[in-house]
Amino acid sequence: MNKLRLRSLLAFLFAFALIAAACGSDSDTASDDGGSSDDSSSSDDDGSSDDSSGDDGAASGLEGTLRVLIHQNPPGVEFFESFNDDFEAANPGVNVEMAVVKADDIPTVNQTRLNANDIDVTTISVTGFDKAVQPYMSDVDTPFWQQLIEAGLLMDLSDQPYVQNYDEAAIADGSFDGGVYSLGLGRTIYSGVFVNLDLLADVGIDVPTTWDELVSACDAVTDAGFKCMIAGGQDGWPVFVGTYGLLGALYPDQAGMVEGLWTGDLKWNDERGLELFDRYATYADMLDAESAGLTGDSAGPRFAAGDVAFGPMGAWMAGPIDDAASFEWTYIPFPGADDAADNQTFFGKYDMSLAVAAETPVADIAHAYLAAFSDPATYNDFANATNYLPTQPTAELSNTLGAATAPILQQGNFAIGQEQLYVNPKGAGQWAIGREAALWLYNGDFGDPVEAANQVQADLESGLAG
Amino acid sequence: MAATQQRNLFGGGRQLIYPWLLLLPGLGFYLLIGVGPSLATAIYSFTDATGIRNIPISWVGFDNYDEFLFQGARSRDNLDALQRTLIFMVLVTVIQFGIGLVMALLVNQKLRGRLVFRTLFFVPFILGVAVQGLMWKLFLRPGGGPMDDLFGLLGMESQFLAGTNAFYWVIVVQIWANAGFTMVIFLAGMQTIPTDLFEAAAVDGASGWQLFKNVTWPQLTPAVNTNFLLNIIGSLQAWMLFLVLTGYKKGVQVLGYVVYAEAFGQTGTATFRQGYAAAASIVLFILVLVLGMAANAFVTRRERKYL
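Here the structure is a predicted model, which is why all the values come from computation and not from measurement.

Some remarks on the domain arrangement of chain B
Here the domain parsing of chain B yields domain 1 (4-11 + 13-44) and domain 2 (63-306). Taken over C-alpha atoms, the centre of domain 1 of chain B sits 34 Å from the centre of domain 2 of chain B.

What follows is the structure, encoded as structure tokens:
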């Protein structure tokens, strides 16, 4: 009987050991289906392959699986799916496994998958290399992209010929400490307003070019029985994005504004700050109540229904609007300043930025993939599919958004906005990020713009004092 | 006698080691996936860990706790989150407990269709947070959602999850999602009560309320205590519904969500602060521990009184 018990015990322990072994064998499995090309494949120290094909997109002879991560952006996803098919067709030995995650989850997924060396080409950011720590800032954490570079998890692409297909500003945005770590695939504008030209014509008013004209136009539109403005407010974003134009109109030097807030030369509740908050309150009043129920994605199609005059939204909404609208529209800088000449700049950010994992076992395929994508003709198609402002000098938008924005962009009037430049001091309160205040006034978190401005400044100073 | 039986089960002498060997796998798992990460979290809370490999980790002492609890307006926001966590716990525990009890009493009656109602009441619990969140997001959509239409008929308006009362709407969803589970535990308890107790009390002329007060309630003590503890601990740890329904919204998040957001760069600062998040989670752990122990002491006293 005792022997029987002993055998049972041993059998149990054996079974347990088998289970434990199975649990621990993940790396081998991952290597089989993810790592693909043999690990002996000819990668040298910087991750490049002996087979340096791919510079021109012709990557024949490559074998393996390339794991790609991009963010949820319907036209972008559609383009990448098609591009991946073409890439696989041109490289029969290559299998592209693409994962798509929400933009908000990009930092988290990058952290986990780069830590596990489970990704080869990744969307490292949807806001470029932003929130960089400036010399005048103290006691702040470095942004995640810098953490990943300093951890040695991203590959330096400086020597890759395809990098030179992009313009200097885009390369500079993806650079850190002398290396190039990401390809900025496009810029996007978040400070503009879609304008329903047919509706304005029906009401008998011109496209507003100043703040007063905008307020008057709104009154005229609502008097005529239409809605003035809508934006996506259900998720707390991007309803306030339109006001980044207001912010830019009153603070054209956005980098200087950030420095001023940090050094105390500017305050959210000084004269100009209070003017800004007053206009935020007016903006909140101009937004139709329906905005609270609209998600960021649904606001564009809703604007396209035709009964709304203005859509303060990011330029990324141009595609859905163009697809659904049966009226003439344009996209203008938010007319937030009193002088029309001061409303001639678009503010925005770098959007999708691709990077290569430093320890990818398929560096040759990753470079071939990026080289093929960076081919000017392919890239031009991508920019037009996604409505990104091109970061390759040879590409141009040949659609309605391109026509609407060209007069301003050709003068070089695009600037990185405050959202990308501002770093919150440690200890600052939740209201310190004043650029979002229009939302709080819209939601009713604050009833009075002066009260909101004072709270924002107090929360900021609380962090600066720490 | 019991000791003799225990000895006989595994024999004597060296064979006494068998039960300990049998315990080893379970104990190993518990140490590995239970105690280990908890201890690691406590240690990480004294560091500047980012969660990114290759980045050196430095010992920062109590800096994370100091920042979380005392530094600037941020500590005010954290304490507000702590307060909201407690409010959430109290409201969810009390209301969910009450609704679950009433539902259990109703479906424990010999009524037609009671099995259907038992299923209907329990279904929300098994849907999962993502589905629960999606359903309620659609249901509470301002500008045309069903609840908005209902409010409109009553001459009321609300921005629901987009407005300042979003916190209370999440409480509604949390209760809706979990009341069925509370009901099932109560129902199981009710079905263990001997029917002759009710029959005897009825013969003595007890009213419905007296039956509940003097028979059902005392006999439900184990179920009451279980629900009480589960509701308290569950509501203190709940944060995923906030993630799905409101995102990282100012004036809404509870402590569990703060931990997640700080750890994974979701606060808008785009940095990974897992050391700081670990400190926040230790604060949450202490809160759960203190309240859990207090609740446990309360239910233990209650058990002594009724059982």
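Some points on a nonpolar patch on the surface
Residues and elements named next belong to chain B. Residues Val 123, Phe 125, Ile 126, Phe 181 and Leu 230 make up a contiguous nonpolar surface patch of roughly 400 Å² in combined accessible area. When residues of the nonpolar patch are assigned to their parent elements, the largest contribution, three residues, is made by helix 5 (residues 114-127). By the secondary structure assignment, Phe 181 is in helix 8 (residues 166-190).

Some thoughts on the interface of chain B and chain A
One widely used convention gives an interface's size as the accessible area the parts lose upon coming together. If you look at the interface, chain B gives 42 residues, while chain A gives 47 residues. Here chain B meets chain A over a buried area of about 3,900 Å², counting both sides, of which 52% is carbon and sulfur. On the chain B side of the interface with chain A, the three residues burying the most area are Arg 53, Lys 250 and Phe 272 of chain B, jointly 17% of the side's total. The interface formed by chain B and chain A contains four salt bridges. Linking Arg 53 of chain B and Glu 359 of chain A is a salt bridge whose minimum nitrogen-to-oxygen distance equals 3.0 Å. Connecting chain B to chain A are 15 residue pairs in polar contact (both at pLDDT 80 or more). For the side of chain B that touches chain A, the secondary-structure elements that each account for two or more residues are helix 1 (2-10), helix 2 (18-44) and helix 4 (72-107) of chain B.

A look at the pattern of salt bridges
Applying the stated criterion across every chain, the model contains 22 salt bridges over all chains. Two residues, Arg 67 of chain A and Asp 120 of chain A, come together in a salt bridge whose shortest N-O distance is 2.9 Å. Of the two residues, Arg 67 of chain A is situated in strand 1 (residues 64-71) and Asp 120 of chain A in the loop between helix 4 (106-115) and strand 3 (121-125); the sequence distance between them amounts to 53 residues. Classification of Arg 67 of chain A as buried rests on a relative accessible area of 6%. Residues Asp 118 of chain A and Arg 113 of chain A are paired through a salt bridge, measuring 3.0 Å at the closest nitrogen-oxygen approach. Judged by its relative accessible area of 28%, Asp 118 of chain A is partly exposed. Linked by salt bridges that have partners in common, Asp 139, Asp 141 and Lys 426 of chain A together with Glu 67 and Arg 273 of chain B make up one network.

Calculation rules
Residues numbered from 1 in each chain as written. Chains lettered and ligands numbered in written order. Predicted model: local features only at pLDDT ≥ 70, side-chain atom pairs only at ≥ 80, totals over all residues. Heavy atoms only, no water. Domains from an automatic or database assignment. Patch = residues over 30% accessible without salt bridge, like charges linked within 9 Å, V, L, I, M, F, W, Y side chains within 5 Å. Areas by Shrake-Rupley, 256 points an atom, 1.4 Å probe, with all protein chains shown as cover. Salt bridge = Lys/Arg side-chain N within 4 Å of Asp/Glu carboxyl O. Helix = DSSP H or I, 4+ residues; strand = E, 2+ residues; numbered from the N terminus. Contact = heavy atoms within 4.5 Å. Buried area = accessible area lost by both parts, 1.4 Å probe. Polar contact = N/O pair within 3.5 Å; in protein donor to acceptor, adjacent residues only side chain to side chain. Buried < 20%, exposed > 50% of the residue type's maximum accessible area, 1.4 Å probe, protein only.

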